[in-house]
Amino acid sequence: MTWTDLQTALGREGYVASDDLSVALHLALTLGRPLLLEGAAGVGKTEVARTLAASRDAELIRLQCYEGLDAAQAIYEWNYQRQLLAIRAAAEDGETGKAVEERIFSRDFLLERPLLAAITKDTPPVLLIDEVDRADEEFEAYLLEILSDYQVSVPELGTITATSRPIVILTCNGTRDLSDALRRRCLYTYVEYPDRETELAILKSRCPEIEAHLGNQVVGFVQKLREEELEKTPGIAEMLDFAAALMGLGIADLTDDPEVLQSTLTTLLKTQSDQAHITKEVAGRIAGKAA
Amino acid sequence: MSRVTRFAARDDGASARVAGFIAHLRDNGLRLGVAEADTALSALIHVEAAKPDETRSALRAVCTGCKEEAERFDELFTSYWMDMGRVRQKSVPTTSQTMNDDVHSSRDAKGEQSGSAGQATAPDDHGGGDADSDGTGKLIATEVRNLNRKDLRDLVRPEEIAAAEDVARRLGAALRDKRSRRRIAARKGDRLHFRKIMRHSLSTGGEPIRLLHKKRPDRTRKIVALCDVSGSMSIYAQVFLAFLAGLMRADTAADAYLFHTRLVRITEALRDKDAMRAIGRMSLMADGFGGGSEIGPSLVRFADTYARRFVDGRTVVLILSDGYDTAAPEIMGAALAKLRKRGCKIIWLNPLKGWKDYEPIASGMAAALPHLDLFKAANTLGDLAALEQELVAL
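Thresholds, definitions, all that
- Residues numbered from 1 in each chain as written.
- Chains lettered and ligands numbered in written order.
- Predicted model: local features only at pLDDT ≥ 70, side-chain atom pairs only at ≥ 80, totals over all residues.
- Helix = DSSP H or I, 4+ residues; strand = E, 2+ residues; numbered from the N terminus.
- Buried ≥ 20, exposed ≤ 12 C-beta atoms within 10 Å, placed from the backbone.
- Contact = placed C-beta atoms within 7 Å.
- Pairing = 2+ DSSP bridges.
- Axes fitted to C-alpha atoms, helices over the stretch in contact; angles between N-to-C directions.
- Expected span 1.5 Å × (residues − 1).
- Core = buried A, V, L, I, M, F, W, Y, C linked by C-beta atoms within 7 Å.
- Nonpolar A, V, L, I, M, F, W, Y, C, P; charged D, E, K, R; others polar.
- Parallel < 35°, antiparallel > 145°, perpendicular 65-115°, else oblique.
- Left-handed = near helix turned anticlockwise from the far one by under 90°.
- pLDDT = per-residue confidence, 0-100.

Structural notes on the overall build of chain A
Part 1 of the argument: The helix and strand tally for chain A stands at 15 helices and nine strands.
Part 2 of the argument: A buried classification covers 32% of the 291 residues belonging to chain A.
Part 3 of the argument: Sequence-distant contacts, at least 24 apart, represent 77% of the contacts inside chain A between residues at least 6 apart.

What follows is the structure, encoded as structure tokens:
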């Protein structure tokens with residue numbers, strides 16, 4: 001399989017991947033390395049993993065990172081309540097301490113969290129570690145062990161090695177700098193906002209029923225809007241929402257009705273100051289340019 | 001479009017060229033080790049290496065690690081592989097040290113001085129990557145030292161103000177991150193909360209089914225900063241203002257004031273999302289002042305008004321001033337004593353104290369001294385950074 005095959009496979013699932021991204025994904029698959037995707041919010045980083053999983057019929061295991069995420073939530077945890085009940089039951093049966101200890105610290109009593117689950121599947125799943133920069137640096141250290149050796153050490157059990165190597169995709173938004181050690185272990189791609197043709201292709205693949213004229217206008221409008229100074233630049237999902245909103249309202253041309261255009265901008269502009277900045281006149285001007 | 005670089009016939013082949021490319025990137029500041037060269041080669045097996053665009057994408061994925069590197073990569077790739085069809089020479093043909101050779105070859109082609117050849121051998125051993133990053137680390141360190149030695153009046157460049165902001169951020173963190181000794185119940189904590197566990201176990205017949213935790217809560221300290229913007233302070237004002245801006249941005253609970261003959265609260269202005277606009281708004285407020293410096297009366301006003309709302313036992317009051325007061329010194333003493341009664345800590349950062357042979361003989365300063373928890377110099381960035389330790393101990 002070459003990278004163009006991968007690109008078409010993703011395209012069939014409705015994801016239009018750029019050449020750079022396809023090559024990087026292809027390499028991540030063939031070399032068995034994790035892929036780190038960086039880019040602004042809303043350029044489709046998370047969607048890559050979802051589509052990749054769908055195109056390979058693999059399971060998608062997602063770990064959403066957040067501040068304070070710890071090993072118990074991400075890797076494994078002992079099922080304490082079950083252990084406790086097992087000890088009680090053993091005491092009534094007159095089992096000895098050593099035997100009980102061996103039993104309660106076995107795999108049966110281990111609660112698998114996403115990272116451990118990902119390496120113990122029979123078929124390689126797609127592991128999406130979303131917004132890895134939101135997690136603490138401490139958590140990065142856990143990740144390093146898993147991403148380089150594909151193994152997890154549990155003190156009471158020993159080391160659990162991977163039965164299948166997951167396809168790992170990490171995304172980050174640049175909330176904080178990731179450590180060099182983590183970056184070194186990954187292949188890297190910076191995902192940009194798509195250019196006009198690519199975005200049009202995305203719109204056509206996600207909203208096939210849209211009229212060509214309106215589609216052109218929507219994409220042109222959003223592309224122009226991204227050049228404005230906004231606090232939150234609209235991403236691809238916003239563009240699709242915008243197109244859907246226009247279609248739902250039965251609009252055939254953006255320049256027809258400034259009132260309606262302004263009211264549908266709620267799908268694109270997500271802060272109060274952005275909405276104040278793009279007034280009816282500004283929106284009209286942008287729509288005029290886009291047409 | 002420039003043509004693909006041709007390589008000398010006696011070249012060792014593709015692997016040496018790729019290794020040479022890695023060395024070329026390394027020379028240009030990308031941090032790459034031997035493992036990356038290896039990965040780059042294996043990556044090229046999986047794409048059609050004869051197509052420049054595919055090679056470019058593949059090597060970009062392997063060799064870059066952040067946005068800046070990805071942006072520079074195209075240029076570096078073009079300069080190595082698309083060198084207008086120029087022949088790349090190779091100086092020392094040996095078989096065992098392919099990487100080393102190619103480092104030479106790329107260097108010679110670029111006509112760099114031979115003095116750097118010693119460096120080029122470094123990446124051959126495994127410590128290469130580390131040595132490289134060490135080098136960069138040192139460079140940054142010297143930069144910081146240079147910056148630190150300057151008197152703050154020289155600090156006008158925006159990136160230096162950014163550095164001052166960074167120091168402010170660290171100081172803010174040092175002041176704020178105070179954890180309590182006692183532990184309280186928490187959903188996620190480092191210790192078990194035995195009293196609660198036992199109480200809860202009653203409902204399950206004495207079995208401690210639910211494990212409850214406790215942790216040390218963060219007892220955040222609030223920072224209130226008062227900055228003197230009188231004429232005598234004007235050369236330091238710019239940096240202190242940047243320092244304040246950094247402090248405000250790092251800490252959502254902090255509070256900031258400017259004073260000269262009057263007192264003005266600038267917290268709202270500094271909360272502006274746009275950092276530069278915030279500094280601009282604040283500078284406008286600072287410029288609007290005139291007349292002599294009345295530190296004492298300004299502090300009295302602060303103690304009587306804002307302090308009642310914003311200063312409590314968990315507050316650190318930071319005064320940035322040179323202590324030259326036109327009002328009577330008793331007023332200053334009384335104001336600080338009053339402030340002190342609210343239970344706060346008072347830190348006075350005096351730019352003059354950094355000068356050799358400085359004695360706090362200005363009458364105002366002398367009157368203030370007994371009420372201060374910490375009296376420190378702050379005319380260089382180094383002084384500000386060094387405060388971190390003292391503030392943690394406070």
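Quick notes on the overall build of chain B
Part 1 of the argument: For chain B, the count of helices and strands is 17 helices and eleven strands.
Part 2 of the argument: The burial tally for chain B puts 37% of its 394 residues in the buried class.
Part 3 of the argument: A separation of at least 24 residues holds for 72% of the contacts in chain B among residues at least 6 apart in sequence.

What about the sheet that holds strand 8 (residues 263–265) of chain B?
All names here are of chain B.
Part 1 of the argument: Read from one edge of the open sheet, six strands run 8-7-6-9-10-11, paired in mixed fashion. With partners counted over all chains shown, the strands left at the sheet margins are strand 8 and strand 11 (374–377), one partner each. Going across the sheet, the axis of each strand differs from the next one's by a mean of 20 degrees, ignoring polarity.
Part 2 of the argument: Direction of pairing for strand 10 (residues 345–350) relative to strand 11: parallel, over a ladder of four bridges. Counted as the bridge partner of Trp348 is Phe375 from strand 11.

Quick notes on the sheet that holds strand 5 (residues 213–215) of chain B
Residues and elements named next belong to chain B.
Part 1 of the argument: Within the open sheet, the three strands sit side by side as 3-5-4. Their pairing is antiparallel. Both edges of this open sheet fall to strand 3 (184–186) and strand 4 (191–192), since each of them pairs with a single strand only.
Part 2 of the argument: One ladder, built from three bridges, connects strand 3 with strand 5; its direction is antiparallel. Bridge assignment links Ala185 to a residue of strand 5, and that residue is Lys214.

Thoughts on helix 2 (residues 19–31) of chain A
All names here are of chain A.
Part 1 of the argument: Between the first and last C-alpha of helix 2 there are 18 Å, a value that for 13 residues agrees with the 18 Å anticipated at 1.5 Å per step.
Part 2 of the argument: For helix 2, every residue scored as buried is listed here: Leu21, Ser22, Val23, Ala24, Leu25, His26, Leu27 and Ala28.
Part 3 of the argument: Phi turns positive one or two residues past the end of helix 2, at Gly32, with a value near 70 degrees.

A few points about the pairing of strand 6 (residues 151–154) of chain A
For a regular strand, the rule is simple: side chains alternate between the two faces of the sheet.
Residues and elements named next belong to chain A.
Part 1 of the argument: In this sheet, strand 7 (residues 158–161) lies alongside strand 6 in antiparallel orientation, the contact comprising four bridges. Bridging across to strand 7, Val154 finds its partner in Gly158.
Part 2 of the argument: Counting the residues in the hairpin turn of strand 6 and strand 7 gives three residues.

Let's talk about the nonpolar core
Part 1 of the argument: Membership of the largest hydrophobic core comes to 71 residues, with the highest contact counts inside it found for Ile169 and Leu187 of chain A.
Part 2 of the argument: Look past the residues within four positions of Ile169 of chain A in its chain and what remains in contact with it is Leu35, Leu37, Val48, Ala49, Val126 and Leu128 of chain A.
Part 3 of the argument: Formed by 60 residues, the second largest nonpolar core is a distinct cluster that contains Ala256, Met332, Ile346 and Leu349 of chain B.

Some remarks on the interface of chain B and chain A
In many reports, interface size means the accessible area that the parts give up when they come together.
Part 1 of the argument: The interface is formed by 21 residues belonging to chain B together with 20 residues belonging to chain A.
Part 2 of the argument: Contributing elements (two or more residues each) for the side of chain B that touches chain A: helix 2 (34–45), helix 3 (52–63) and helix 4 (67–81) of chain B.
Part 3 of the argument: Class assignment for the residues of the side of chain B that touches chain A results in nine nonpolar, six polar and six charged.

So, the packing of helix 5 (residues 80–93) of chain A against helix 6 (residues 97–104) of chain A
Residue and element names in this part refer to chain A.
Part 1 of the argument: With their axes 10 Å apart at the nearest point, helix 5 and helix 6 run at an angle of 155 degrees to one another. Our classification of the angle between helix 5 and helix 6 gives roughly antiparallel. Taken as a pair, helix 5 and helix 6 cross one another with a handedness that is right-handed. The residues of helix 6 that touch helix 5, namely those facing Gln83, Ala86, Ile87 and Ala90, are Val100, Arg103 and Ile104.
Part 2 of the argument: Here the residues of the contact of helix 5 with helix 6 are counted per class, giving five nonpolar, one polar and one charged.

Regarding the environment of Leu143 of chain A
All names here are of chain A.
Part 1 of the argument: Within the secondary structure, Leu143 sits in helix 8 (residues 137–149).
Part 2 of the argument: Using a count of 25 C-beta atoms within 10 Å as the deciding quantity, one classes Leu143 as buried.
Part 3 of the argument: Separated by 39 residues in the primary sequence, Leu143 and Leu182 have C-alpha atoms spaced 8.1 Å apart.

Description of helix 13 (residues 295–304) of chain B
Residue and element names in this part refer to chain B.
Part 1 of the argument: Burial of helix 13 is extensive: eight of the ten residues sit out of reach of the surface.
Part 2 of the argument: Listed as buried for helix 13 are Ile295, Gly296, Pro297, Ser298, Leu299, Val300, Phe302 and Ala303.
Part 3 of the argument: On its buried side, helix 13 packs onto strand 6 (222–228), strand 7 (255–259), strand 8, helix 14 (306–310), helix 15 (329–340) and helix 16 (363–368).

Regarding the pairing of strand 9 (residues 187–190) of chain A
All names here are of chain A.
Part 1 of the argument: Across the two faces of strand 9 the burial is the same, with Leu187 and Thr189 and Tyr188 and Tyr190 all buried.
Part 2 of the argument: One ladder, built from four bridges, connects strand 1 (residues 35–38) with strand 9; its direction is parallel. For Leu35, the partnering residue across the bridge sits in strand 9 and is Leu187.

Re the confidence of the model for chain B
Low-confidence regions, as indicated by low pLDDT, have predicted coordinates that should not be scrutinised in detail.
All names here are of chain B.
Part 1 of the argument: Per-residue confidence for chain B averages 72 on the pLDDT scale, and 69% of its residues sit at or above 70.
Part 2 of the argument: Predicted confidence in chain B is weakest over helix 7 (residues 128–149), with a mean pLDDT of 38, and strongest over helix 9 (residues 194–201), with 91.
Part 3 of the argument: This stretch, residues 90–156, has a pLDDT under 50; its non-local contacts, to residues over four places away or in other chains, come to 86 contacts.

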